[in-house]
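For reference, the chains in residue letters:
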Amino acid sequence: MLDKKLLIKSPEIVKKNLSSRGYIFDDDQWIKLEEERKIAQVNLETNQENLNKLSKEISKSKDDESLKDQASSLSTLVKQDKEILQSIQNNIDEFLLDIPNLIDKSVPVGEDESSNEIIEEIGDLPNFSFEPKAHSFFIDKTDEGRGAKIAKSRFTVLSGELAKLHRVIGQFMIDTHTNDHGYEELYVPYVVNKTSLVGTGQLPKFEEDLFKLGEKSDLYLVPTAEVPVTNLHRDEKLNFEQLPLKYVCHSPCFRSEAGSYGKDTKGLIRQHQFDKVELVKICHPDKSEEEHVKLIEDASKILELLELPYRKVVLSSGDTGFSASKTIDLEVWFPSQNAYREISSCSNFTDFQSRRANLKFKSKKGNEFCHTLNGSGLAVGRTLAAILENYQTEDENFIYPKVLKNYI
RNA sequence: GGAGAGGUGGCUGAGUGGUUGAAAGCGCUCCCCUGCUAAGGGAGUAUGUGGUAAUCCCGCAUCGAGGGUUCGAAUCCCUCCCUCUCCGCCA
């Protein structure tokens, strides 16, 4: 949610910024709604004030019938005014919840991912003396269509060595972030309510990407640990000294992936269920830029320890997600595709989620909104896939990255 | 799942229809006093939002959430959520 004060004061700045991500901010509509709101609110509050005064008079002048009649009709009026204001307020809320975050100044302007900018390429690409296999070659051998049998397509079974490797990768990531990077480990619910999803920005706009638990329930499977972890302190006022809070959380993630039919149908790249180690930070607004840089370093470190070639990419304005102000993707090398593929997305959400989740800290100025950040550190399934591809051997097998050897 | 109790400000805790946004205590901030410390005295101390550009001023809202009764609700009624105790079940 954007700052209402900014929206009122300079809608044209907002409009210009948001147009860079292809969002048309209807400032006429906004100004109209705000004017309606102001009239309705002032009207209600004036009538309420008079009614309050009248009520006090009644309490003093015991049972004055004419005063009571007057108050009664005023009360009816106030009730109507409340309904009017409420309906306007609902429209405003709906309008505001639909607006994406402002794009950071440093983000390249462009329509889509073709305008993303490569910041840096790290690590040497593997040089195979044979035709490298796709990771799905290894996965298919263990899954054999059973994920689809048990659940549906885009679910996968791992067995034996691959199941173990999958488990160990997550373990290694958490250990690195807790021991070396100072994150606190969390275990959280894998089911979240609507309020939490509104807080981080998945709702109301992106319901179709989620798995909902039953028609009547307002519970959903987590699409990412970002949701439970960022909402950990929702509606709280943190102490200044607590900041920054740094959490790491390994969780399964469930995404319905509606609208992605035909993309990445093989292997582990795009699944309805996958594991991810998520990094979340809650910090002072002045610090979010530098915390973002450090977050990216922390996530990158995993790829470096695993000795996987990767690159850093800054997403263009048009490719940046709804809640983010700036996003840096880490993309890992997939030899079989001769391409880099996303394995982590590190975003600064500024105060966008904090406003939705009412997440504040106490400062000398009063209560201020925190800034939130998160990034995958990393997606476990895709990491497994990247290891299989980059560490494969000519005999249709693979070896383990050095750092994982004492885990296996 | 069954039976009962309860949800009030940073915390403890009063308050069962009318100057109660809310007693009291603790905590916190500032000032005074005491050669330091301890103790004592005084003042202040919720949030959100609107009128306004405004930390002043004035208003409105907020006592788990949402509805209802009433001129008026923290107080009465209904629904939901949560916490606690006992019983049942269970990893």
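Residues numbered from 1 in each chain as written. Chains lettered and ligands numbered in written order. Predicted model: local features only at pLDDT ≥ 70, side-chain atom pairs only at ≥ 80, totals over all residues. Heavy atoms only, no water.

Chemist: Where do I start with the pairing of strand β7 (residues 273–283) in this structure?
Modeler: For a regular strand, side chains alternate in direction, first toward one face of the sheet and then toward the other. The buried count for β7 comes to 10 of 11 residues, which makes it a mostly enclosed element. One ladder, built from 10 bridges, connects strand β6 (residues 245–254) with β7; its direction is antiparallel. Note that in β7 the partner of Val248 across the bridge is Leu279. Here 7 bridges tie β7 to strand β13 (residues 371–379), and the two strands are oriented antiparallel to one another. Bridging across to β13, Ile282 finds its partner in Thr372. (Buried < 20%, exposed > 50% of the residue type's maximum accessible area, 1.4 Å probe, protein only. Helix = DSSP H or I, 4+ residues; strand = E, 2+ residues; numbered from the N terminus. Pairing = 2+ DSSP bridges.)

Chemist: Looking at this model, I keep getting lost on the side chain of Ser344. Mind explaining?
Modeler: In this fold, Ser344 is placed in strand β10 (residues 339–348). A polar contact is formed between the side chain of Ser344 and the backbone oxygen of Ser376, at a distance of 2.6 Å. With residues up to four places along the chain from it excluded, the contact list for Ser344 reads Ala299, Ile328, Asp329, Leu330, Gly375, Ser376 and Leu378. (Polar contact = N/O pair within 3.5 Å; in protein donor to acceptor, adjacent residues only side chain to side chain. Contact = heavy atoms within 4.5 Å.)

Chemist: Hey, could you run me through the sheet that holds strand β5 (residues 237–239) in this one?
Modeler: Within a sheet, adjacent strands bond to each other through the backbone by hydrogen bonds, running parallel or antiparallel. Spatial strand order, β5-β11-β12: 3 strands in an open sheet with mixed pairing. Each edge of the open sheet is held by one strand with a lone partner, namely β5 and β12 (366–369). This sheet shows a mean twist of 45° between the axes of neighbouring strands, independent of strand direction. Relative to β12, strand β11 (residues 360–363) runs antiparallel, the two being bridged by 4 bridges. Of the residues in β12, the one forming a bridge with Ser363 is Gly366. (Axes fitted to C-alpha atoms, helices over the stretch in contact; angles between N-to-C directions.)

Chemist: Just to check I follow, could you spell out the pattern of salt bridges for this structure?
Modeler: Where charged atoms of side chains with opposite charge meet at close range, the side chains can pair. Inspection of the entire model under this criterion finds 20 salt bridges. Between Asp3 and Arg355 there is a salt bridge, with the nearest N and O atoms lying 3.8 Å from each other. Of this pair, Asp3 sits in the segment before α1 (4–9) while Arg355 is found in helix α11 (residues 352–357), placing the two residues 352 residues apart along the sequence. Judged by its relative accessible area of 27%, Asp3 is partly exposed. For Asp235, the salt bridge is made with Arg234, and the minimal N-O distance between the two is 4.0 Å. (Salt bridge = Lys/Arg side-chain N within 4 Å of Asp/Glu carboxyl O.)

Take it as geometry only, folks, not as evidence of what the structure does.
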